[in-house]
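Spelled out from the first residue to the last, the chains are:
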Amino acid sequence: MEKVTPKRVFINNIDSYASKCVAKFLCECVVGAAVDPDAVTEEEEERKPHSGVPAFQVVGTVSDTCDEDRPHVLEEYKHLNREELLSKLMDCDVVIFNITQHAEQLEEACWAASALHNKMEGFSRAKMFILVSTVMTWACSKPVDPIFWRRRAHPSFKQHMDLEKMVVKMGKTNRTMFSTYVVASGLQYGLGEQLFHFFFKTSWLGQEQEIPVFGDGINIVPTIHIRDLASVIQNVIEHQPKPYYLLAVDSSNNTMEEILKAVSSSLGPGRIQKRPFEEAYLTQELSVMEMDSLLVNLRMEAVHLKELFSINWLCESGLVENMELVVEEYQQSRGLLPIRVCVLGPPAVGKSLVSRQICEHYKLHHITLKDTISQTITQLEDTVRNVDQDANNEDSAAEAKELLGSLKESMEQNGGLLEDRLLVKVVKDRLMSNQCRNQGFVLDGFPKTYEQAKELFYSEEQESEDGTSQMSSFSRKIMPECVLSLDVSDVFLKERVMNLPERLVQEHSYEQEHFLLRLDRHRENNMEDENVGNYFDELDTTPLYLEISSSEEPDCLLLMQKILDTLGQPRNYGPSCREVEEEERRKAEERMKREEQERAEQERREEEEATNRAASWDQWTGGLEEMRQQEEELLEVQSVPMTIYLMEHVMPTVTQGLVECCTAHPQDPVDFLAEFLIRNNPFNY
């Protein structure tokens, strides 16, 4: 038996969307997997015993930020210089360079092809170089005649076309030792999405009522499922066809409007809105390269693929025809799996509070009977009104009018309540909506009886794993995966209702007689042999029974923690890197704004304090000046008698003494004047 050695395949950027999917597909291939069963040669027949042998060993480069574990990849390379990378390429049988996602890989692919071509004489075995390019190198092509087209690339993809021509030319030198191929891929979809992810995410989140279609939407978009693209590459490696340029597109020729309408119908509200194509370039989630691709208008046919290969197509008919499969892949690949919960229990036990907290944590839809009935009636009235205005869909109008009339009639006859048949239909239609089927739901306080549960979750037909239809007793699409049964003593419930504010009593219809009747009916329904809990037990969905001890906050937190541990981690979109950066930037801006406000407030306070100090200083100095003036005036008033006394009794004698002193010129004038004043003192008795 001939020993089979797996081919060593190099793929660049193996952590990117397309390269990762191609790598995983090739790693799953076994020897002879691409052989046409209708044209098996003797040599291929001898290889059949090796059907369990891997056909390829995949190695490749990864980005610096890559931290994902890929056990199917043999080797991963980081931070290699070109000399080291060339050594790795020389060890491979096949080198695949994908340039459909990252324009910066053009230079790397050009260098790799040139370096291998220059080393061709030293090859120990034949090598193959496959350039995975894009149909955007045909975006501006014009037909010269019914057969021949003059090829022109989109202005942003001219370098891609130049690289394609260079790769093809290198393969003509010595095709035996160094063969080259160009696979021009249509717009890729499937396995989580890349190019169409913005529209899938927008529809899944339901953030907009209508999904945007940039432009008129009539442009034909050539597409291919990423696994079908990988299958084409596998066939090229194994069959080494004579044509060196291959178009890899499916046979759909869908328009962008058709694609996005199908996405919206499967994941969102089912409506689209056409917007000017210029708005596309303002969308942060889409790069310029991706927007140029989405606006392409090409009708293409992969003639060579049909003539040369017998490909086991996954989505040959295109994205629209296989939307259900693609949506399932999208949800599985990104972990967007719905969480379906049913919360049961007696009235006033706290079902709505628990349901709201679960919905807030997991971003689920809260389904209550009151809101569901109200929303259904509103939607039916809108449908009837819109159809009456357009008069284009009489069947929808008739059906909506009939159901609306039945609901109103039933509510009138039953005191505002619906009969079980209509109630179950309304709730089931809500659970079957895209929102509930995508994100999940928390069904609050319903069903109440075994018959309601059986009718609500009943499904006539269920598709089996092998694709055939089989009879089933319940619908897996809406069956709760977790049932929470809350309970507490009747005494506790009665005390709780008695302590509620009157507003809540009126809102929830907890008047004494009505509440006791509802409580008795609940206890009676759960005492029967066939109750709601037994229904779920029969389907291997055992309810989680939770006893509420009190309404205190610590006990409520423990209860919610137990519920969250049971349900596990959320299965929805977490914050993306861009959203995290935006949130961090927003927080930084808020912090800077807050600091600026605090600084401005501090400056304002300091300025106010300075103003107050200046005012206080002026007031103080003004007071001192006024006091000084008052003291001077007082002193002046008080000095008048003394002045008069001095002028009348003292100054004449002093003046006479000074005159005598000037006349006598004594040796000591002071003593002379003192003696004169003593002698001539008028009061010297």
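None of these values were measured; they are calculated from a predicted model.

A. Just the overall build of the protein, in detail. Counting its regular elements, the protein contains 24 helices and 20 strands. In the protein, of all internal contacts separated by at least 6 residues, the share reaching a separation of at least 24 is 74%. A total accessible area of about 39400 Å² is found for the protein, and carbon and sulfur atoms account for 50% of it.

B. Structural context of the sheet that holds strand β14 (residues 339-344). Here five strands make up an open sheet; going across it, the order is β15-β16-β14-β19-β20 and the pairing parallel. A single partner strand is all that each edge strand has here, and the edge strands are β15 (365-367) and β20 (544-547). Sheet twist, expressed as the mean angle between neighbouring strand axes with direction ignored, is 20 degrees. In terms of strand pairing, strand β19 (residues 482-487) meets β20 through four bridges, oriented parallel. If you follow Leu484 over to β20, its bridge partner there is Leu544.

C. Summary view of a negative patch on the surface. Where like charges cluster on the molecular surface, the negative patch consists of Asp420, Glu451, Glu455, Asp520, Glu524, Glu528, Asp529, Glu530 and Glu538. For the negative patch, the secondary structure elements donating two or more residues are α17 (450-456) and α20 (512-527).

D. Geometry of the nonpolar core. Ranked by internal contacts, the top residues of the largest apolar core, which has 110 residues, are Ile96, Phe129, Ile130 and Phe196. Ignoring anything within four residues of it in the chain, the contact list for Phe196 reads Leu187, Gln188, Tyr189, Thr223, Met256, Ile259, Leu294 and Leu319.

E. Representation of the side chain of Asn254 in the model. Structurally, Asn254 can be placed in the loop between β12 (245-248) and α8 (256-267). On the basis of relative accessibility, which here comes to 10%, the residue Asn254 falls in the buried class. Look past the residues within four positions of Asn254 in its chain and what remains in contact with it is Asn219, Ile220, Val221, Ile259, Gly318, Leu319 and Val320.

F. View of the packing of helix α6 (residues 197-205) against helix α11 (residues 323-333). α11 packs onto α6 with a crossing angle of 85 degrees between their chain directions and a minimal axis gap of 12 Å. Considering their axes alone, α6 and α11 lie roughly perpendicular with respect to each other. Judged by residue contacts, His197, Phe200, Lys201 and Trp204 of α6 engage Met323, Val326, Val327, Tyr330 and Gln331 from α11. Looking at the contact of α6 with α11, its residues break down into six nonpolar, two polar and one charged.

G. Just the pattern of salt bridges, in detail. Taken as a whole, this structure holds 23 salt bridges when the rule is applied. Residue Glu601 pairs with Arg604 through a salt bridge whose shortest N-O separation is 2.3 Å. You can see Glu601 and its partner Arg604 sitting in helix α23 (residues 577-664), three residues apart, about one turn around the helix. Classification of Glu601 as partly exposed rests on a relative accessible area of 30%. Judged by relative accessible area, which is 41%, Arg604 ranks as partly exposed. A salt bridge links Glu601 to Arg605, with the shortest nitrogen-to-oxygen separation between them at 3.7 Å. With Glu601 and Arg605 both in helix α23, this residue pair falls four residues apart, about one helical turn. Taken together, the salt bridges that share partners define one network made up of Glu601, Arg604, Arg605 and Glu608.

Calculation rules
- Residues numbered from 1 in each chain as written.
- Predicted model: local features only at pLDDT ≥ 70, side-chain atom pairs only at ≥ 80, totals over all residues.
- Heavy atoms only, no water.
- Helix = DSSP H or I, 4+ residues; strand = E, 2+ residues; numbered from the N terminus.
- Contact = heavy atoms within 4.5 Å.
- Areas by Shrake-Rupley, 256 points an atom, 1.4 Å probe, with all protein chains shown as cover.
- Pairing = 2+ DSSP bridges.
- Axes fitted to C-alpha atoms, helices over the stretch in contact; angles between N-to-C directions.
- Patch = residues over 30% accessible without salt bridge, like charges linked within 9 Å, V, L, I, M, F, W, Y side chains within 5 Å.
- Salt bridge = Lys/Arg side-chain N within 4 Å of Asp/Glu carboxyl O.
- Lys, Arg positive; Asp, Glu negative; His and termini not counted.
- Charge placed at Lys NZ, Arg CZ, Asp CG, Glu CD.
- Core = buried A, V, L, I, M, F, W, Y, C linked by side-chain atoms within 4.5 Å.
- Buried < 20%, exposed > 50% of the residue type's maximum accessible area, 1.4 Å probe, protein only.
- Parallel < 35°, antiparallel > 145°, perpendicular 65-115°, else oblique.
- Nonpolar A, V, L, I, M, F, W, Y, C, P; charged D, E, K, R; others polar.

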